[in-house]
Amino acid sequence: MTLYDAASRASFMKGLRLSSEKKYLFRVLTPSFDDVSTSSLFYMFHRVLDWYGKSESRYYFKNGELDCAQLAYDLREDERKKSPVVLLGTAFSWVNFFDYLEAENMSFDLSSESCLMETGGLKGKTRSVSREELYHLFQTQLGLPLENCFSEYGMTELSSQSYSKPNSHCFVSPPWMPVQIINPETGSEVAIGEKGLVQFFDLANLTAISAILTSDLAIKHLDSFELVGRAPKAIL
């Protein structure tokens, strides 16, 4: 097992409040790692399905596009059987799927034991959708309790990921990746309740730079950081 694998295995299921002792039915709204082998996110999903996925788990990208019709069909079956599902996808993919559901006049009432994780990814890719609107759609179009909806925050430069509290934009990082919120003018850490740039120290980056200063803005909280946007003039 690689260090990246170990970091993912130690944090992913905790991030979704799921047991690491069970197998789950995953519906994944991204390409598979077999199709796009350059993405760390797709690799993480690939490993998670290996470790925790039931055999019926599947991906829903075909020829570079989200197969909305097949996903809708499978979710209808999950709804009929009252089967709990774990839904994984980028925010961009979710917006595409909800546009399809609107055009088809469809919605779902999935098992209350189902949960969802979105990984962001709207910047510059789709129509403008706020986080509040997106999470409202998780509730109204999929029938998911908002407390079962989570967000993942990661980047190519990191080996570890942060996960949000339920229905929140406050993120918690694993203990081996401390986070500081930095005043960009002084380079010092801000006080609790103040805003600054997110800086990670990822100790799982054994053969790469551990300290990463991002262009993401966040408010520092006692046990988490709350993402609030991008720094002015930051490259998307």
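Preceding this section is the structure that the text describes.
Predicted model only: the values in this text are computed from it and were never measured.

*Asks:* What am I meant to see in the overall build of the protein here?
*Replies:* The secondary structure content of the protein amounts to five helices and 13 strands. Taking 2.2 N^0.38 as the reference for a compact globule, 236 residues should give roughly 18 Å; the C-alpha atoms of the protein span a radius of gyration of 18 Å, in line with that estimate. Expressed along its principal axes, the backbone C-alpha trace of the protein runs to roughly 55 × 40 × 30 Å. Within the span of the protein, comprising 236 residues, buried residues form 48% of the whole. For the protein, restricting intrachain contacts to residue pairs at least 6 apart in sequence, the fraction spanning at least 24 positions comes to 63%. Just so you have it, the protein exposes about 12,000 Å², and 51% of that area is on carbon and sulfur atoms.

*Asks:* For this particular structure, what's the right way to read the packing of aromatic side chains?
*Replies:* The relation between two aromatic rings is expressed through the spacing of the ring centres and the mutual angle of the planes. All chains considered together, the criterion is met by 16 aromatic pairs. Aromatic side chains Phe-33 and Tyr-43 sit 5.2 Å apart centroid to centroid with 70 degrees between the ring planes, which places their arrangement in the edge-to-face category. Residue Phe-33 is located in the loop between β1 (26-29) and α2 (40-52), and its partner Tyr-43 is located in helix α2; the two are separated by ten residues in the primary sequence. Stacked on the ring of Tyr-135, the Lys or Arg Arg-131 has its end atom at 4.0 Å from the ring centre.

*Asks:* What should I look at first to understand the environment of Gly-89 in this one?
*Replies:* Relative to the helices and strands, Gly-89 is located in strand β5 (residues 86-89). For Gly-89, a relative accessible area of 0% corresponds to the buried category. For the pair formed by Gly-89 and Pro-184, sequence separation is 95 residues and the distance between their alpha carbons is 32 Å. Discounting residues that sit within four places of it in the chain, Gly-89 has contacts with Leu-29, Thr-30, Trp-94, Met-117, Glu-118 and Thr-119.

*Asks:* How should the pairing of β1 be read in this particular structure?
*Replies:* Side-chain alternation along β1 places Phe-26 and Val-28 on one buried face and Arg-27 and Leu-29 on a second face that is also buried. As paired elements, β1 and β5 share four bridges and run parallel to each other. Looking across to β5, one finds that Phe-26 is bridged to Val-86. Alignment of β1 against strand β2 (residues 58-59), held across two bridges, turns out to be parallel. When the bridges of β2 are listed, Val-28 appears paired with Tyr-59. Considered for its hand, the β-α-β crossover made up of β1, α2 and β2 is right-handed.

*Asks:* Please explain helix α3 (residues 68-81) as it appears in this structure.
*Replies:* At 3.6 residues per turn, the α-helix brings residues three or four places apart onto the same side. Compared with the 20 Å implied by 1.5 Å per residue over 14 residues, the 20 Å span of α3 between its first and last C-alpha is a close match. If you follow the buried residues of α3, they end up packed against β1, β2, β4 (65-66), β5, α4 (91-104) and α5 (131-142). Positive phi appears at Lys-82, one or two residues downstream of α3, with a value of about 60 degrees.

*Asks:* Quick question: what am I supposed to make of the side chain of Asp-78 here?
*Replies:* In this fold, Asp-78 is placed in helix α3. Sequence-distant contacts of Asp-78, defined by excluding residues within four places in its chain, comprise Leu-25, Arg-27, Ser-83 and Val-85.

*Asks:* Would you mind showing me how to read the packing of α3 against α4 here?
*Replies:* Angle between the axes and distance between the axes are the two parameters that describe a pair of packed helices. Running from N to C, α3 and α4 point in directions that differ by 75 degrees, and their axes come no closer than 10 Å. Considering the angle they form, α3 stands roughly perpendicular to α4. On α4, the residues that touch Cys-68, Ala-69, Leu-71, Ala-72 and Leu-75 of α3 are Asn-96, Phe-97 and Tyr-100. Grouping the amino acids of the contact of α3 with α4 by side-chain chemistry returns seven nonpolar, one polar and no charged.

Cut-off values and rules
Residues numbered from 1 in each chain as written. Predicted model: local features only at pLDDT ≥ 70, side-chain atom pairs only at ≥ 80, totals over all residues. Heavy atoms only, no water. Helix = DSSP H or I, 4+ residues; strand = E, 2+ residues; numbered from the N terminus. Rg over C-alpha atoms; globule rule 2.2 N^0.38 Å. Buried < 20%, exposed > 50% of the residue type's maximum accessible area, 1.4 Å probe, protein only. Contact = heavy atoms within 4.5 Å. Areas by Shrake-Rupley, 256 points an atom, 1.4 Å probe, with all protein chains shown as cover. Phe/Tyr/Trp six-rings, centres within 6.5 Å; stacked < 30°, edge-to-face > 60°. Lys NZ or Arg CZ within 6 Å of the ring centre and 35° of its normal. Pairing = 2+ DSSP bridges. Right-handed = clockwise from strand over helix to strand, strands pointing away. Expected span 1.5 Å × (residues − 1). Axes fitted to C-alpha atoms, helices over the stretch in contact; angles between N-to-C directions. Parallel < 35°, antiparallel > 145°, perpendicular 65-115°, else oblique. Nonpolar A, V, L, I, M, F, W, Y, C, P; charged D, E, K, R; others polar.

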